[in-house]
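Fold and geometry: a report
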Amino acid sequence: MNEQAETEDRKEADTYAIVCLVLAVIAYPLACTIFGGALLLFISVILGIIALKDRTSKRELAIVGLVLDAFLCIIVGIVVYLLSTFGSVTVKETSVSPSGSYQVEVIANDQGATGGNYELYFERSSEGKFASVGDKKPRDAEYISGTTRTWGTYYDIKWTSDDTIYVTADYVRVSGINLIKVELFPDTYQTYEGKVYLNRDESYFDHYEISGDKVFYVCYLNITNTFYEPIDFSLEAEDIQGQDGLLLDGHMVSADREGGEAVYSIGPGETEMFEVVLCGEKGAKDERIEEELLPAIYLIPVSYYPNYEP
């Protein structure tokens, strides 16, 4: 009788060993589903242990099943670890208001090889200690809408009062100034967005003049301001065609007739045609290739008008 019971137990143990191996194999394609893969893995391990404990005659099958279970656990653990450490959201730059009431932070969302982006957040001093460069994004930091930009964007942040900032954000030099004004309050904030940009199709190169070691381009530029405040700006230019020719390096800046820096101003909501003089170092030649071609023009913000009443 005992021999018969022992035989039945061994058959049951053998069945557990076989099922252990089968479930271990099936668990692999289901590993991506938390419930399916984890459940089969758990059952496989339990049956494998029981089979070995009851001295199954199919010991090898049970051992192979448990080894597969262990290997799958290792794979899942590695994947979970990599997912938990993939990418980072950290403080890249900080800018504190004049009296220390607020701090604006450039947050870097680094997604590794897949790229990432930058965003602006702010903290209030009343919430506690400000974050430092390299810290994880603070939980109490508040996102400033409209400030998400591509990876590599440079933010120029100017405080004009303890609760007001002006932000320009560009990935590369462009023919316009994308401007965001942010007003911070104890329980909220307000943003205003606009742009000062060059209407290139309505602008043109007029002529050039040579004076000693300087070259002057006279251009007429059609510029629009969609921001609700007037903006002062200067201009820079790159004339690739003139580089190593009429111009030494192709770089030019807005200038007056004496060669000093020239600054322009445009009112809110206005479009205006500006006569602009660009100055650069003279090169070896006295003639310009493609005389009528307007060089690449870049608008550079100079100052803002924080006290302007619209």
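In this text the structure is predicted, and so the values were computed from the model without any measurement.

Regarding the overall build of the protein
A tally of regular secondary structure across the protein gives three helices and 16 strands. For the protein, the residues scored as buried account for 39% of the 310 residues in total. Long-range contacts, defined here as pairs at least 24 residues apart, represent 62% of the contacts in the protein between residues at least 6 apart. Of the roughly 17100 Å² of accessible surface on the protein, a fraction of 55% belongs to carbon and sulfur atoms.

Overview of the pattern of salt bridges
The tally for this structure, following the rule as stated, stands at eight salt bridges. We note a salt bridge from Asp156 to Lys158, for which the minimum N-O separation is 3.8 Å. Accessibility expressed as a relative area gives 18% for Asp156, which makes it buried. Among the ionic pairs, Glu281 bridges to Lys214, the shortest N-O distance being 2.5 Å. Linking Glu281 in strand 15 (residues 271–281) with Lys214 in strand 11 (residues 214–225), this pair joins segments that are 67 residues apart in sequence. For Glu281, a relative accessible area of 34% corresponds to the partly exposed category. Salt bridges here are not isolated pairs; linked through shared partners, they connect Lys181, Glu183 and Glu229.

Here's the deal with the pairing of strand 13 (residues 251–254)
Taking every second residue as pointing to the same face, the buried face of strand 13 carries Met252 and Ser254, while none of His251 and Val253 on the other face is buried. Strand direction decides the pairing type here: strand 12 (residues 231–238) and strand 13, joined by three bridges, are antiparallel. Looking at the pairing, Ala237 lines up with Met252 of strand 13. Taken together, the two bridges between strand 13 and strand 15 define a ladder with antiparallel strand orientation.

Points about the pairing of strand 12
Taken across its eight residues, strand 12 has six buried, putting it largely inside the fold. Bridge count between strand 12 and strand 14 (residues 264–266): three bridges; the pairing is antiparallel. Pairing of Asp232 across the sheet is with Ser265, part of strand 14. Here seven bridges tie strand 12 to strand 16 (residues 296–303), and the two strands are oriented antiparallel to one another. Pairing of Ser234 across the sheet is with Ile300, part of strand 16.

So, the environment of Thr148
Inspection of the secondary structure assignment puts Thr148 in the loop between strand 4 (142–143) and strand 5 (149–150). C-alpha separation for the pair Thr148 and Ile107, spaced 41 residues apart in sequence, amounts to 9.5 Å. If we skip the residues at most four places from it in the chain, Thr148 touches Asn117, Tyr118, Glu119, Tyr143 and Tyr155. For Thr148, the side chain forms a polar contact with the side chain of Glu119, separated by 3.2 Å. In terms of polar contacts, Thr148 uses its side chain to reach the side chain of Tyr143, at 2.7 Å.

Things to note about a nonpolar patch on the surface
Nonpolar side chains collect at one region of the surface, where Phe71, Ile74, Ile75, Ile78 and Val79 lie side by side and expose about 440 Å² of accessible area between them. Within the secondary structure, Val79 sits in helix 3 (residues 59–85).

Topic: unusual backbone geometry
The residue Asp244 is not glycine, and still its phi comes out positive at about 60 degrees. In this fold, Asp244 is placed in the loop between strand 12 and strand 13.

Cut-off values and rules
Residues numbered from 1 in each chain as written. Predicted model: local features only at pLDDT ≥ 70, side-chain atom pairs only at ≥ 80, totals over all residues. Heavy atoms only, no water. Helix = DSSP H or I, 4+ residues; strand = E, 2+ residues; numbered from the N terminus. Buried < 20%, exposed > 50% of the residue type's maximum accessible area, 1.4 Å probe, protein only. Contact = heavy atoms within 4.5 Å. Areas by Shrake-Rupley, 256 points an atom, 1.4 Å probe, with all protein chains shown as cover. Salt bridge = Lys/Arg side-chain N within 4 Å of Asp/Glu carboxyl O. Pairing = 2+ DSSP bridges. Polar contact = N/O pair within 3.5 Å; in protein donor to acceptor, adjacent residues only side chain to side chain. Patch = residues over 30% accessible without salt bridge, like charges linked within 9 Å, V, L, I, M, F, W, Y side chains within 5 Å.

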